[in-house]
Amino acid sequence: MAKVIEGLYYSESHEYVRVEDGFGYIGITDYAQHALGNVVYVDMPETDDEVTAGEEFGAVESVKAASDLNSPVSGTVTEINEALEDSPEMINQDAFANWIIKVEMSDTSELDNLMDAKAYEEFCKEQE
Amino acid sequence: MENKRTCLYDRHVAQGALISPFGGFDMPIQYTDIKDEHNAVRTACGVFDVSHMGEVIVRGTDAERYVNHIFTNDVTNLPTGKILYGMMLYEDGGTVDDLLVYKMGKNDFFLVINAANIDKDWEWMQRQANGFNIDMHNMSDAYGQIAVQGPQAESVTEQVLGLPCAEMAFYTCKVITSSSDVIISRTGYTGEDGFEIYGSHDTIRTLWDKLMDSGRCKPCGLGCRDTLRFEVGLPLYGDELSAEISPLMAGLGIFCKLDKPEFIGREALLKQKSEGVTRKIVGIELTDKAIPRHGYAVLKEGEKIGEVTTGYHTISTDKSVCMALIDAKHAALGTPVEIQIRKKTFPGTVVKKRFYDKHYKK
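Keep in mind the model is a prediction, meaning the values are calculated, not measured. (Residues numbered from 1 in each chain as written. Chains lettered and ligands numbered in written order. Predicted model: local features only at pLDDT ≥ 70, side-chain atom pairs only at ≥ 80, totals over all residues. Heavy atoms only, no water.)

**Some details on the overall build of chain A**
Here comes step 1: The number of helices and strands found in chain A is 4 helices and 9 strands.
Here comes step 2: Tracing chain A from N to C terminus, the helices and strands come up as β-β-β-α-β-β-β-β-β-α-α-β-α.
Here comes step 3: Here the C-alpha radius of gyration of chain A, 13 Å, is about what a compact globule of 128 residues would show, namely 14 Å.
Here comes step 4: Dimensions along the principal axes, computed over C-alpha positions, put chain A at roughly 35 × 35 × 20 Å.
Here comes step 5: Per-residue burial over chain A gives 52% buried out of 128 residues.
Here comes step 6: Nonlocal contacts in chain A, meaning residues at least 24 apart in sequence, comprise 63% of its contacts between residues at least 6 apart.
Here comes step 7: For chain A, the accessible area works out to roughly 6100 Å², and carbon and sulfur atoms hold 40% of it. (Helix = DSSP H or I, 4+ residues; strand = E, 2+ residues; numbered from the N terminus. Rg over C-alpha atoms; globule rule 2.2 N^0.38 Å. Buried < 20%, exposed > 50% of the residue type's maximum accessible area, 1.4 Å probe, protein only. Contact = heavy atoms within 4.5 Å. Areas by Shrake-Rupley, 256 points an atom, 1.4 Å probe, with all protein chains shown as cover.)

What follows is the structure, encoded as structure tokens:
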């Protein structure tokens, strides 16, 4: 059973946002990394790029397929997780610890459109 | 339309395989981990359910003449037990399918075709049969097939399945009659040594169970079958061969015997050969880790010159590489090109389309 963490915000396309010091740390969920299999490449935006809620900002690639990353919130990328460039498999090891981008959110009310841990867990069950 | 299931489907489900549609069948894509399955075949032994493949039997006094008519390779006086790879072509040189032809005996051929093409091939083959004294049967639903592949395939096949095969040469076949008949051939689609075994559904289920019980052979899904064949530059119909892609464009001219007096598509290939093909399948290696996928655009100085046919970050060599169909004028080895991957373009170089060396035994 895929892991879900309390206190994070979840999207229907299986990204999460962890809010810390006013920044949003965005990554893919444990459910998503399971579904993808071995992650071999993460296509990330660059620092200072703008991201928009619901729009694609990169991709996570497994051996077989590329899966788009959609941003759960809007804002400006202040940091990318450069460690993933050389070790994309860290996402498989711990998807929640290995966020992909750090975003300065332009509209924190967008978080209200996302699911909490309980709702996301239910959502994943429905996908089975 | 409902997908078909192979005779081993229930076993795949019981083993927890990830099942996806392929070629009109619900097939196991991976059991546990595509990399582990891939590496098992490269270093030890893996077994694939390839029962989805189609089988057609051609017999009769005109069988050899008929096969030579529809097949690019030359079966004239082919010894019994020999196998040839080649293609069936349309008049314009486009590819109907690529296939193996087994010579089972005088006037007796066994043709192995791609699952996704069974209906199309069978219909086309029947249309070419006028004027030939042959008896032709589509046996695709009757045969199951497994592929035992890897450096330990020979010992596993002999010791676990009890099928003597050590003396068999590459691309040969024989019938083994015991409690039930099997056709065994030293062939495969992985670049490793190995065997493909055809039999009734019951026989194939029995062989599969023996392999699983032995613990000497990893069950492998079609996911790694594709990464394995890709690394050694083998084509997949639908990617590197199609109605629009002739064998000459795909670099498979060696399997087209243009010195044969006649076969369907020969005139078109002769023309392509004398005039030169306009597009070619090449290998491309990227400098970055980004992965080129089927359908992505190949560019030269910003202008589109072709499309990726298959691409991976290879498991055996840790490189981002692809095969692509591009304008022949840019196909020379060493040519710098770019590939459009989502919003960015990535630099690459035209290279040989064999990314990993084959390890055939015999």
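**So, the sheet that holds strand β6 (residues 95-105) of chain B**
Residue and element names in this part refer to chain B.
Here comes step 1: Judged by pairing direction, the sheet is antiparallel, and its 5 strands sit side by side in the order β5-β6-β7-β4-β8 without closing on themselves. Looking at strand neighbours, the two that pair on one side only are β5 (83-89) and β8 (135-138), the edges of this open sheet. Shown here is a sheet whose adjacent strand axes are inclined to one another by a mean of 25 degrees, direction ignored.
Here comes step 2: Inspection of the sheet shows strand β4 (residues 54-59) paired to strand β7 (residues 108-113) by 6 bridges, in the antiparallel sense. From the neighbouring strand, Ile 57 faces β7, where its bridge partner is Phe 110. (Pairing = 2+ DSSP bridges. Axes fitted to C-alpha atoms, helices over the stretch in contact; angles between N-to-C directions.)

**Considerations on the UniProt feature "domain: Aminomethyltransferase C-terminal" (unreviewed entry) in chain B**
Here comes step 1: Listed under "domain: Aminomethyltransferase C-terminal" (unreviewed entry) in the UniProt record, and renumbered for this structure, are residues 279-357 of chain B.
Here comes step 2: The span residues 279-357 of chain B is 0% helix and 57% strand, and its two end C-alpha atoms sit 25 Å from each other. (UniProt positions renumbered as here; feature names shortened; annotations may be inferred.)

**Some remarks on the interface of chain A and chain B**
Here comes step 1: The interface of chain A with chain B comprises 17 residues on the first partner and 19 residues on the second.
Here comes step 2: When chain A packs against chain B, close to 1500 Å² is buried across both sides, 46% of that on carbon and sulfur atoms.
Here comes step 3: It is Tyr 41, Val 63 and Lys 64 of chain A in chain A that bury the most area against chain B; as a group they hold 40% of the surface buried on that side.
Here comes step 4: Ionic pairing is found between Glu 61 of chain A and Arg 293 of chain B, a salt bridge with its closest N-O pair at 2.7 Å. (Buried area = accessible area lost by both parts, 1.4 Å probe. Salt bridge = Lys/Arg side-chain N within 4 Å of Asp/Glu carboxyl O.)

**With respect to the pattern of salt bridges**
Here comes step 1: One pass over the full model with this rule turns up 26 salt bridges over all chains.
Here comes step 2: One salt bridge connects Lys 344 of chain B with Asp 43 of chain A, and the closest N-O pair in it is separated by 2.8 Å. Residue Lys 344 of chain B is located in strand β19 (residues 344-351), and its partner Asp 43 of chain A is located in strand β4 (residues 39-43); the two belong to separate chains.
Here comes step 3: A relative accessible area of 32% means that Lys 344 of chain B is categorised as partly exposed.
Here comes step 4: A relative accessible area of 4% means that Asp 43 of chain A is categorised as buried.
Here comes step 5: Between Arg 229 of chain B and Asp 239 of chain B there is a salt bridge; the shortest N-O distance is 3.4 Å. Linking Arg 229 of chain B in helix α7 (residues 222-231) with Asp 239 of chain B in the loop between α7 and α8 (266-275), this pair joins segments that are 10 residues apart in sequence. Across the pair, Asp 239 of chain B and Arg 229 of chain B agree in class, each one buried.
Here comes step 6: One network of salt bridges, in which partners are shared, links Asp 43 and Glu 61 of chain A together with Arg 293, Arg 342 and Lys 344 of chain B.

**Quick notes on the nonpolar core**
Residues and elements named next belong to chain B.
Here comes step 1: Ranked by size, the top nonpolar core spans 63 residues in total, and within it Phe 48, Tyr 102, Phe 110, Ile 284, Val 298, Ile 326 and Ile 339 carry the most contacts.
Here comes step 2: For this core, the element with the highest residue contribution is strand β17 (residues 320-327), accounting for 6 residues.
Here comes step 3: Those residues in contact with Ile 326, other than ones at most four positions away along the chain, are Thr 278, Arg 279, Lys 280, Val 282, Val 298, Ile 305, Gly 306, Ala 331 and Val 350.
Here comes step 4: Counting residues in each nonpolar core, the second largest holds 26 residues, with Ile 70, Met 125, Phe 132 and Met 136 among its members. (Core = buried A, V, L, I, M, F, W, Y, C linked by side-chain atoms within 4.5 Å.)

**Here we look at the UniProt feature "modified residue: N6-lipoyllysine" (unreviewed entry) in chain A**
Here comes step 1: This chain's UniProt record puts "modified residue: N6-lipoyllysine" (unreviewed entry) on Lys 64 of chain A.
Here comes step 2: As for its placement among the helices and strands, Lys 64 of chain A is situated in the loop between β6 (56-62) and β7 (66-70).
Here comes step 3: Aside from chain neighbours lying at most four places away, what touches Lys 64 of chain A is Ile 34, Gly 223, Asp 226, Arg 293 and Tyr 312 of chain B.

**As for the domain arrangement of chain B**
Residues and elements named next belong to chain B.
Here comes step 1: Here chain B is partitioned into domain 1 (4-53 + 141-231), domain 2 (55-138) and domain 3 (278-351).
Here comes step 2: Relative to domain 3, the C-alpha centre of domain 1 lies at a distance of 32 Å.
Here comes step 3: Listed by partner, the interface residues are 11 residues for domain 1 and 10 residues for domain 3.
Here comes step 4: Of the roughly 800 Å² buried between domain 1 and domain 3 on both sides combined, carbon and sulfur atoms contribute 68%.
Here comes step 5: Summed over the three residues of domain 1 that lose the most area to domain 3, namely Thr 227, Phe 230 and Glu 231, the buried surface amounts to 61% of that side.
Here comes step 6: The tally of links from domain 1 across to domain 3 stands at 0 salt bridges.
Here comes step 7: On inspection of domain 1 and its partner domain 3, the count reaches 6 residue pairs in polar contact (both at pLDDT 80 or more). (Domains from an automatic or database assignment. Polar contact = N/O pair within 3.5 Å; in protein donor to acceptor, adjacent residues only side chain to side chain.)

**Focus on the pairing of strand β16 (residues 303-313) of chain B**
Residue and element names in this part refer to chain B.
Here comes step 1: Taking burial as the measure, the 11 residues of β16 include 8 buried ones, the bulk of the element.
Here comes step 2: Relative to β16, strand β15 (residues 297-300) runs antiparallel, the two being bridged by 4 bridges. Within β16, the position partnered with Lys 300 by the bridge is Glu 303.
Here comes step 3: Between β15 and β16, which follow one another and run antiparallel, lie 2 residues, and Glu 301 among them has a positive phi close to 50 degrees.
Here comes step 4: Direction of pairing for β16 relative to β17: antiparallel, over a ladder of 7 bridges. Bridging from a neighbouring strand, Thr 310 pairs with Met 323 of β17.
Here comes step 5: Counting the residues between successive antiparallel strands, the hairpin from β16 to β17 contains 6 residues, one of them, Asp 318, with a positive phi of roughly 55 degrees.

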